[in-house]
Amino acid sequence: MITLRGVSECGKSTKVKQLAEWIINNYSHTNLGVNITNGDINGVLIIGKVKIGFNSAGDDFECVSGNDSLIINYPDIDILINTSRTKGITRRHLEFHYNESNGWLVHNIFVNKLIPSNTVLENQRDRYIMDKLISLITGLDKI
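Described in the following lines is the structure provided in the data block. This is a predicted model, so every value here is computed, not measured.

## Brief notes about the overall build of the protein
Across its full length, the protein holds five helices and six strands. For the protein, the α and β elements follow one another from N to C terminus as β-α-β-β-β-α-α-β-α-β-α. Relative to a compact globule of 143 residues, whose C-alpha radius of gyration would be 15 Å, the protein shows 14 Å and is just as compact. The principal-axis extents of the C-alpha atoms in the protein amount to approximately 45 × 35 × 30 Å. Taking the intrachain contacts of the protein between residues at least 6 apart in sequence as the baseline, contacts between residues at least 24 apart amount to 62%. For the protein, the accessible area works out to roughly 8000 Å², and carbon and sulfur atoms hold 51% of it.

In structure tokens form, the structure reads like this:
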């Protein structure tokens, strides 16, 4: 599981959607409910034998429970990419239900909000995060 963590309005959901869009644009895939054109996404992309679940909503419990729905509907998901606040019920829910003792390898990527806003630094941060996300998911052939 790859979780983008950060405070409200720092760009977590946008990055999850950008990663889904990158996959859609660069790989032959089967799309199970990932609609990148409107709001948050909750669905699965299948690339070859690898199933990647996406849940870009993570601001409250209802949003973060979208991860649970994905796992119930697609129990053979290989990678789950989602978002969470840095503290509170969303973080606690993910840490309790998606951890090593439950069979999940977890990788958190922190999305820092820059105050005051700085477009140059935000673009550098965003490129770094996208490069990291792409490097984590590419080259993963399912045996």
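## A look at the sheet that holds strand S3 (residues 42-47)
The strand order across the open sheet built from six strands is S2-S3-S4-S5-S1-S6, with neighbouring strands paired in mixed fashion. Unpaired on one side and paired on the other, strand S2 (30-32) and strand S6 (107-110) mark the two borders of the sheet. The mean angle between the axes of side-by-side strands here comes to 20°, regardless of whether they run parallel or antiparallel.

## Things to note about the packing of aromatic side chains
Within this structure, the stated rule accounts for two aromatic pairs. Ring centres of tryptophan 22 and tyrosine 27 lie 5.6 Å apart, and the angle between their planes is 65°; on these two criteria the pair is classed as edge-to-face. Between tyrosine 98 and tryptophan 104, the aromatic rings sit 5.3 Å apart at their centres with planes inclined by 70°, giving edge-to-face as the arrangement. Judged by relative accessible area, tyrosine 98 falls into the buried class, the value being 6%.

## Description of the environment of asparagine 82
Of note, asparagine 82 is situated in strand S5 (residues 79-84). C-alpha separation for the pair asparagine 82 and asparagine 26, spaced 56 residues apart in sequence, amounts to 20 Å. The contact partners of asparagine 82, leaving out residues within four places of it in the chain, are Met1, Ile2, Thr3, Leu4, Val16, Asn55, Asn67 and Leu94. A polar side-chain atom of asparagine 82 sits 3.1 Å from a polar atom in the side chain of asparagine 67.

Basis of the calculations
- Residues numbered from 1 in each chain as written.
- Predicted model: local features only at pLDDT ≥ 70, side-chain atom pairs only at ≥ 80, totals over all residues.
- Heavy atoms only, no water.
- Helix = DSSP H or I, 4+ residues; strand = E, 2+ residues; numbered from the N terminus.
- Rg over C-alpha atoms; globule rule 2.2 N^0.38 Å.
- Contact = heavy atoms within 4.5 Å.
- Areas by Shrake-Rupley, 256 points an atom, 1.4 Å probe, with all protein chains shown as cover.
- Pairing = 2+ DSSP bridges.
- Axes fitted to C-alpha atoms, helices over the stretch in contact; angles between N-to-C directions.
- Phe/Tyr/Trp six-rings, centres within 6.5 Å; stacked < 30°, edge-to-face > 60°.
- Buried < 20%, exposed > 50% of the residue type's maximum accessible area, 1.4 Å probe, protein only.
- Polar contact = N/O pair within 3.5 Å; in protein donor to acceptor, adjacent residues only side chain to side chain.

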